[in-house]
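A structural walkthrough
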Amino acid sequence: MILSKKYYLLWFLLISICLLLYVLFPYYWMTVSALKPKEELFLSPPTWWPSRIVWTNLLQPWRMFPLGRYYLNSVVVTGLSVLITTVLASMAGYSLSRLRVRGTELIVLFILVTQFLPGIVTIVPFYFWMFRLKLINTYTGLVLAYVAWSLPFSTLMLRAYFVSAYPKELEEAAMIDGCSRAGAYLRIAVPLSLPGLVAVAANTFMIAWKEFLWASIMLSSGSKKTLSVGMRDVIGQAGNVMFISEFMASAVVAVIPAFVFFFVFQRYILSGLAAGSVKG
């Protein structure tokens, strides 16, 4: 029986390693291609490691395209989306988990139903809504879109987190001592729910940072393009083999914030997702 368990554990480990390599290989190849000399990009058989590392390839996209502006636009839009979604979702999730009023379960059901709709279905009506509000080609319209798409799931996750993360008797004791419901939320619920809040922020960050379709529809001005949309210009030039290194370098630059965000907050993200999935 012990040997059988070790056998299954070994197979599980091997399969996990294979899956990990499968997932990470595109990032490895992207990084290596960005640092290769141009003459090695299309060798057959390919070189798995460059004969010499060309660090200047990482600087070329910044000289050829306004990537700095695209980067700043993405940081602004993503930062505002994360901040607004996290604040609204925490208040909504806390209210749905603590306030027992008529219609609460119906609201939760309605939010849950919205998650069954494909995202592409909402683009046309949302676009006309933004057009009537004169928010086309504005950061405000793009931020509102990302908040609208992130908020339902974030609210459901934080509602579950507030229910299961800590005993509500802590809030009741504080309220007996004279603390208001808002004070209990700010002084007890928010500090104790930090992992859940970070998990929601990470989910919103991923949605806003990598999203392309809606940003390409909303933003027509070159100075307002986000990084995902601006990289389309680089892709257009990458049809010429001489610009493949530049395109790969810009892709490396684009994924760095996501990796940094996850590695810095991974402890909170994993615990927040686990606690938020215990109860619904």
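Before reading on, note that the structure itself is shown above.
The rules we used
Residues numbered from 1 in each chain as written. Predicted model: local features only at pLDDT ≥ 70, side-chain atom pairs only at ≥ 80, totals over all residues. Heavy atoms only, no water. Helix = DSSP H or I, 4+ residues; strand = E, 2+ residues; numbered from the N terminus. Buried < 20%, exposed > 50% of the residue type's maximum accessible area, 1.4 Å probe, protein only. Expected span 1.5 Å × (residues − 1). Bend = angle between axes of the 7 residues up to and from the residue. Core = buried A, V, L, I, M, F, W, Y, C linked by side-chain atoms within 4.5 Å.

**A closer look at the environment of Tyr166**
Within the secondary structure, Tyr166 is located in the loop between α6 (139-164) and α7 (169-176). A relative accessible area of 6% means that Tyr166 is categorised as buried. Between the alpha carbons of Tyr166 and Leu192 there is a distance of 7.4 Å; along the sequence they are 26 residues apart.

**Some remarks on α6**
Counted at 1.5 Å a residue, the expected span for α6 with its 26 residues is 38 Å, and the 36 Å between its end C-alpha atoms agrees. Its maximal kink placed at Leu151, α6 deviates by approximately 40 degrees, while the proline Pro152 follows within four residues.

**Side note on the nonpolar core**
Core analysis: the biggest nonpolar cluster contains 23 residues, and Phe205 and Leu227 have the highest contact counts within it. Counting only elements with at least two residues in this core, the list comes to α1 (2-35), α3 (67-98), α9 (194-210), α11 (227-237) and α12 (244-276). Of the residues forming this core, the biggest block, nine residues, is contributed by α12.

**Things to note about unusual backbone geometry**
Of note in this structure, Lys134 is not a glycine but carries a positive phi near 60 degrees. Topologically, Lys134 is positioned in the loop between α5 (123-132) and α6. Of note, the phi angle at Asn137 is positive, near 65 degrees, even though the residue is not glycine. Note on Asn137: relative accessible area 18%, which makes it buried.

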